[in-house]
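The chain contents come next:
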Amino acid sequence: MAKGGGERGALLPVSADDGKGNGGGVGDDAALFKGSAMTRRGAVAALSYMSCSVLLVMFNKAALSSYNFPCANVITLLQVLENLWCASFLCFSMVCSTCLLYVLRRLKIISFTNSDPSVPSDSLFFVPFRILLRTTPLSLAYLLYMLASMESVRGVNVPMYTTLRRTTVVFTMTMEYFLAKQKHTPPIIGSVALIVFGAFVAGARDLSFDARGYAIVFVANITTAVYLATINRIGKSSGLNSFGLMWCNGLVCGPSVLFLTYIQGDLRRAMEFPYLYSPGFQAVLLFSCALAFLLNYTIFWNTILNSALTQSMCGNLKDFFTVGIGWVLFGGLPFDLLNVIGQGLGFLGSGLYAYCKIKGK
């Protein structure tokens, strides 16, 4: 971040920095404690992502499903799956996020780069066109990730989908190695192996094999890994902060997502939804979009500050809390010893990774 007070005056922290502007390790950019590989800001980013994700899942389950929203089946899956949206909700959320970013930037509340928000922009898009083009791989990775993820839920049953999706950490680790030559220590590799093992234990009763379904889920895993690795890589090389990356992603992906909602018929189904003009439903939808905005922000923030693998690990760790809180609040999940053991192993693996990350091992 800039050495001045511009970013400090923003409503939300916006990006990673090298810590040199804060007195060499004093404040948020200092290590969590002596010898730790994670900064205080990094820890806040990880906790913020998990909190936003769990809150969004619980809110969607409690509020949107009560209106029998056409995509409630997808929203319900959020108790145990990644954050997937039907095309109409995704489009609406992206439009709202892009509009909100525009208003905040126009009012000079935030900046899209590591500079003072009060500095005027000479670009029509608030960022230079060459930078916008430079973020195109991120937008393409997001579109592929979105399409593959939405398709993958249709190919296999929910327990098996959950099992296979948790192997994303392996793909993310592999992608980090190929893109950034990032190597990991044996304890980190061991924690990843424990998570994958726990995932297969949890889904052991549903090991039905469907070649096409498995292939699509693994494609979704690969696109997820590419997307997270691209966020980390472009976020650290483009000069954009988390808001800037979200802005560019919205500009490039928005028209594509809108076209997708049209050809799939989701836009028509959304317009025909009986509660669409109900003030209560509109309030729920707007609040859900606000939470989705915060969730997307924390994904960018956590991935840039920490790493793609840390973001993937946080996704696994928050699933444990989501399932537990969802089971307590909503019930509906039958007790299965293997599932409980598998979830516990996954939590243990995520905890081991967090310990290694904090301790710098």
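Keep in mind it's a predicted model, so treat the numbers as computed, not measured.

Caption draft 1: Region of interest: the overall build of the protein chain. From N to C terminus, the protein chain includes 14 helices and zero strands. From first element to last, N terminus to C terminus, the protein chain shows the α and β order α-α-α-α-α-α-α-α-α-α-α-α-α-α. Per-residue burial for the protein chain yields a buried fraction of 52% across its 361 residues. Taking as baseline every contact in the protein chain between residues at least 6 positions apart, the subset at least 24 positions apart corresponds to 79%. Accessible area for the protein chain stands at about 16,400 Å²; split by element, carbon and sulfur atoms hold 68% of it.

Caption draft 2: Molecular detail of the packing of aromatic side chains. Counted by the stated rule, this structure contains twelve aromatic pairs. An angle of 65° between the planes, with centres 5.8 Å apart, marks the rings of Phe126 and Trp247 as edge-to-face. With Phe126 in the loop between helix 3 (87-106) and helix 4 (129-134) and Trp247 in helix 10 (residues 242-264), the pair connects residues that are 121 residues apart, well separated along the chain. Exposure class is identical for Phe126 and Trp247. Each is buried. Centre to centre, the rings of Tyr142 and Tyr227 are 5.5 Å apart; their planes meet at 50°, and the pair counts as tilted. Pair noted here: Tyr142 is in helix 5 (residues 136-152) and Tyr227 is in helix 9 (residues 211-237), with a separation of 85 residues, a long-range link. The class for Tyr142 is buried, based on a relative accessible area of 10%. Residue class for Tyr227 comes out buried when judged on its relative accessible area of 6%.

Caption draft 3: Up close: the UniProt feature "transmembrane region" (unreviewed entry) in the protein chain. When the UniProt feature table is mapped onto this chain numbering, "transmembrane region" (unreviewed entry) sits at residues 43-64, 84-104, 187-205, 211-231, 243-263, 283-305 and 317-334. In residues 283-305, helix accounts for 100% and strand for 0%; the two terminal C-alpha atoms are 33 Å from one another.

Caption draft 4: Broad picture of the side chain of Arg165. Along the chain, Arg165 turns up in helix 6 (residues 158-165). The exposure class assigned to Arg165 is buried, which follows from its relative accessible area of 4%. One polar contact links Arg165 to Asn221, side chain to side chain, over a distance of 3.0 Å.

Caption draft 5: Quick peek at unusual backbone geometry. At Lys108, a residue that is not glycine, the phi angle is positive and equals roughly 60°. Mapped onto the elements, Lys108 comes out in the loop between helix 3 and helix 4. Its relative accessible area of 43% is what places Lys108 among the partly exposed residues.

Caption draft 6: Structural detail: the packing of helix 5 against helix 9. Relative to each other, helix 5 and helix 9 sit at 155°, their axes nearing to 8 Å. Considering their axes alone, helix 5 and helix 9 lie roughly antiparallel with respect to each other. The handedness of the crossing between helix 5 and helix 9 is left-handed. Along its contact with helix 5, which presents Pro137, Leu138, Ala141, Tyr142, Leu144, Tyr145, Ala148, Ser149, Glu151 and Ser152, the element helix 9 presents Arg212, Ile216, Val217, Val219, Ala220, Thr223, Thr224, Val226, Tyr227, Thr230, Ile231 and Ile234. Residue composition of the contact of helix 5 with helix 9, by class: 15 nonpolar, five polar and two charged.

Cut-off values and rules
- Residues numbered from 1 in each chain as written.
- Predicted model: local features only at pLDDT ≥ 70, side-chain atom pairs only at ≥ 80, totals over all residues.
- Heavy atoms only, no water.
- Helix = DSSP H or I, 4+ residues; strand = E, 2+ residues; numbered from the N terminus.
- Buried < 20%, exposed > 50% of the residue type's maximum accessible area, 1.4 Å probe, protein only.
- Contact = heavy atoms within 4.5 Å.
- Areas by Shrake-Rupley, 256 points an atom, 1.4 Å probe, with all protein chains shown as cover.
- Phe/Tyr/Trp six-rings, centres within 6.5 Å; stacked < 30°, edge-to-face > 60°.
- UniProt positions renumbered as here; feature names shortened; annotations may be inferred.
- Polar contact = N/O pair within 3.5 Å; in protein donor to acceptor, adjacent residues only side chain to side chain.
- Axes fitted to C-alpha atoms, helices over the stretch in contact; angles between N-to-C directions.
- Parallel < 35°, antiparallel > 145°, perpendicular 65-115°, else oblique.
- Left-handed = near helix turned anticlockwise from the far one by under 90°.
- Nonpolar A, V, L, I, M, F, W, Y, C, P; charged D, E, K, R; others polar.

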